[in-house]
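Overview (structure and organization)
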Amino acid sequence: MAESIIKMEGGVIRQQKNTILKNVNIDIASGEFVYLIGKVGSGKSSFLKTLYAELPLEYGKAEVAGFQLKIPLLRRKCGIVFQDFKLLIDRNVYENLEFVLKATGWKNKKAIRERIETVLTKVGMSDKQAKMPHQLSGGEQQRIVLARALLNAPPLIL
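What comes next concerns the included structure. (Residues numbered from 1 in each chain as written. Predicted model: local features only at pLDDT ≥ 70, side-chain atom pairs only at ≥ 80, totals over all residues. Heavy atoms only, no water.)

What follows covers the side chain of Arg 115. One can find Arg 115 in helix α3 (residues 109–122). Polar contacts involving the side chain of Arg 115 include one to the main-chain carbonyl oxygen of Leu 151, which spans 2.7 Å. Other than its neighbours up to four places away in sequence, Arg 115 contacts Leu 101, Trp 106, Leu 150, Leu 151 and Ala 153. (Helix = DSSP H or I, 4+ residues; strand = E, 2+ residues; numbered from the N terminus. Polar contact = N/O pair within 3.5 Å; in protein donor to acceptor, adjacent residues only side chain to side chain. Contact = heavy atoms within 4.5 Å.)

Dropping the structure here:
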């Protein structure tokens, strides 16, 4: 059996004083592809925010990509694809991706350039490096966000 990439036992997820999800028990193996479906307001986004440590896990225990959820370095092990893109509007595509690599410790300019070219090629956007986010369609922006999630070759993409 494959190693767990996400494991939560007895999880309670809250936003402010509202309990969003309780008694969350899940075990997802490395390499497994999982869909999270449900009605609007059922807690899907809150669950994902908990997995990448934007929302705290109130009770229970959880491990994601080998990190306990209380540890902030977890985000470096997860590629996160946000629904609303979260691209930096004052930077072009290349600069958006470069920002992430530099923030995660990359220093070598040639290695940065090569990694950005690799991920942009993977998502079919290598010709958009100089474009600003507002110059891209919604689908193109989403592909850039996918490229951003792939930058550090994470074991987990949310």
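Our next topic: the pattern of salt bridges. Applying the stated criterion across every chain, the model contains eight salt bridges. The salt bridge partner of Lys 7 is Glu 9, with a shortest N-O separation of 3.8 Å. On the basis of relative accessibility, which here comes to 34%, the residue Glu 9 falls in the partly exposed class. Across the pair Lys 61 and Glu 9 runs a salt bridge, and its minimum N-O distance is 3.8 Å. Of this pair, Lys 61 sits in strand β3 (residues 57–64) while Glu 9 sits in strand β1 (residues 4–15), placing them 52 residues apart in sequence. A relative accessible area of 53% places Lys 61 in the exposed class. Each of the salt bridges in this network shares a partner with another, and the network as a whole consists of Lys 7, Glu 9, Asp 27 and Lys 61. (Salt bridge = Lys/Arg side-chain N within 4 Å of Asp/Glu carboxyl O. Buried < 20%, exposed > 50% of the residue type's maximum accessible area, 1.4 Å probe, protein only.)

Geometric descriptors of this kind do not, in isolation, establish any biological role.
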